[in-house]
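Chains, contacts and geometry: an overview
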Amino acid sequence: MTSITITDSQIADYQKNGALLLRGVLTDWIETITAGITRNLNNPSEYASENSVTEGRFFDDYCNWPNIPEFEDVIRNSPAAEIAAKVMRSQSAQIFHDHVLVKESGTPTPTPWHQDSPYYFVEGQQTVSMWIPVDPVKDASLRMIAGSHRWNKPVRPVSWADNSDFYEKSDDWIEVPDPDADPTGFDVLEWPMEPGDMVLFDYRTVHGARGNPKGASRRVLSLRWVGDDARYVERSGRTSPPYPGHNMSAGQKLRTDWFPVIWDQG
Ligand SMILES: O=C(O)CCC(=O)C(=O)O
């Protein structure tokens, strides 16, 4: 495996903004990732959902890498784990899960603004998601609010289906922001991307995406990683993903038989 150069200035940008674009780092892996996405679309898991409210198709599914050899190959053998560890400033990178998000051509459904962290059972300063499109993207690229990973309070987690509270007891949240209604109030980062590029973002970074206009499909693999300081946390309801029977307790590191450490410099 060839080592990837991530500059100090890129790492500093990631730490400051909670978001970073890296160009061309997975070009050699796009065929493999595309084959994995196709396999996932043809074999959806019990967690697969169809999120399109009108026309088109917005498919997502997660936690399938143990059954998708192409995803396991990327997780174990591509530069992804090393990149994750470097931007998190962590000795290690542990895989949390994979997530496939496909918006077919002509799918106006936006992805609502949200943070991933409140839905997860893991927290830490060292977390990163990699958003990896296998198609060129422009309009439906990921949008992230710079610096939102440092906000004092988390954003209210809601059900994407009907905007209802995701957890029964939801009192310690701020409301979901609307940067489009207040363009000067937020610094939104978004980039046109080519296959091989990736966007990295902290689990606490507020992000969303527009619908995908008619043209081409927007197929994405997202890989979620945690670093040295990440620990299991209890939530007041079912998390997403749920991982039933995980048997972990508050304060523990994620169990390595389910969430292997792929990169370790310790
Ligand atoms: O691809 C999208 O539309 C949204 C992606 C997202 O929310 C995520 O990767 O956490």
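Placed above this text is the structure.
Presented here is an overview of the structure given in this document. Within each chain, residues carry numbers counting from 1 in the order of the written sequence. Restriction of local features to residues with pLDDT of at least 70 applies here, the model being predicted, together with a cutoff of 80 or more for giving and counting side-chain atom pairs; totals for whole chains, interfaces and linings are based on all residues. Remark: hydrogens and water are excluded; side-chain values derive from all non-hydrogen atoms of the structure.

A word on the overall build of the protein chain. Helix and strand assignments come from DSSP, with helices taken as H or I runs of at least 4 residues and strands as E runs of at least 2, each series counted from the N terminus. Looking only at helices and strands, the protein chain has 4 helices and 14 strands in total. What the globule rule says is 2.2 Å times the number of residues to the power 0.38, and the radius of gyration is computed from C-alpha atoms. At 17 Å, the protein chain has a C-alpha radius of gyration in line with the 18 Å of a compact globule built from 266 residues. Taking the principal axes of the C-alpha coordinates as reference, the protein chain spans close to 45 × 40 × 40 Å. For the protein chain, the residues scored as buried account for 54% of the 266 residues in total. A 1.4 Å probe and the Shrake-Rupley method give the accessible areas. Residues count as covered only by the protein chains that appear here. Of the accessible surface of the protein chain, which amounts to about 11900 Å², a share of 47% is contributed by carbon and sulfur atoms. Averaging the positions of the 25 positive and the 38 negative side-chain charges in the protein chain gives two centres separated by 2 Å. Each residue gets one of three labels from its accessible area relative to the maximum for its type: buried under 20%, exposed over 50%, partly exposed in between, using a 1.4 Å probe on protein chains only. Neither His nor the chain ends is counted toward charge; the positive residues are Lys and Arg and the negative residues Asp and Glu. Positions of charges follow a simple convention, taking NZ of Lys, CZ of Arg, CG of Asp or CD of Glu.

Turning to the pattern of salt bridges, a few remarks are in order. Salt-bridge detection follows one rule: a side-chain nitrogen of Lys or Arg within 4 Å of a carboxyl oxygen of Asp or Glu. Evaluated as defined, the whole model comprises 17 salt bridges. Measuring nitrogen to oxygen at the nearest pair gives 2.9 Å for the salt bridge that ties Arg210 to Glu190. Note that Arg210 is positioned in the loop between β11 (207–209) and β12 (218–226) and Glu190 in the loop between β9 (188–189) and β10 (198–201), a separation of 20 residues in sequence. Overall, the relative accessible area of 34% leaves Arg210 in the partly exposed class. Connected through shared salt-bridge partners, Arg143, Asp180, Glu190 and Arg210 make up one network.

Now for the sheet that holds β9. For two strands to pair, DSSP has to find at least two bridges joining them. Pairing is antiparallel across the open sheet formed by 4 strands, whose spatial order is β5-β11-β8-β9. Every interior strand has two partners, whereas the edge strands, β5 (111–114) and β9, have only one. Two elements, strand β8 (residues 142–145) and β9, share 2 bridges in a ladder whose sense is antiparallel. The partner of Ile145 across the bridge, within β9, is Val188.

Near the ligand you find 13 residues, and of these Thr111, Asp116, Trp131, His207 and Arg218 are the closest. Any pair of N or O atoms that falls within 3.5 Å is considered a polar contact. Within protein, one atom must be able to donate a hydrogen and the other to accept it, and sequence-neighbouring residues count only if both atoms are side-chain atoms. Between the ligand and His114, the relevant distance is 3.2 Å, taken from an oxygen atom to a side-chain nitrogen or oxygen of the residue. Between the ligand and the protein, one listed contact pairs an oxygen atom with a side-chain N or O atom of Arg224 at 3.1 Å. When the ligand is considered free in solution it has 290 Å² of accessible area, and contact with the protein chains removes 99% of it. Any residue with an atom within 4 Å of a point lines the site, the site being either a cavity, points on a 1 Å grid over the protein atoms alone where a 1.4 Å probe fits but cannot get out, or a pocket, an open set with protein on both sides within 12 Å along at least 5 of 7 lines. More than half of a molecule's atoms within 2 Å of the grid points is what it takes for that molecule to sit in a cavity or pocket. With respect to the detected pockets, the ligand is housed in the largest pocket. The set of elements that each furnish at least two residues to the shell around the ligand consists of β4 (92–103), β5, β11 and β12. In terms of residue class, the shell around the ligand is built from 5 nonpolar, 4 polar and 4 charged. Here, proximity means that at least one heavy atom of the residue falls within 4 Å of the molecule or strand. The residue classification treats Ala, Val, Leu, Ile, Met, Phe, Trp, Tyr, Cys and Pro as nonpolar and Asp, Glu, Lys and Arg as charged. All others, Gly included, are polar.

Counted as a void, the largest pocket has a volume near 860 Å³. Sorting elements by how many residues they give to the lining of the largest pocket places β5 first, with 4 residues. Split by residue class, the lining of the largest pocket holds 19 nonpolar, 10 polar and 7 charged. Grid points are joined across faces, edges and corners, and a volume is the space filled by probe spheres set on the points.

Moving on, we get to the environment of Gly215. Summarising the element assignment, Gly215 is placed in the loop between β11 and β12. Distance from Gly215 to Glu104, taken between C-alpha atoms, is 8.9 Å for residues 111 residues apart in sequence.

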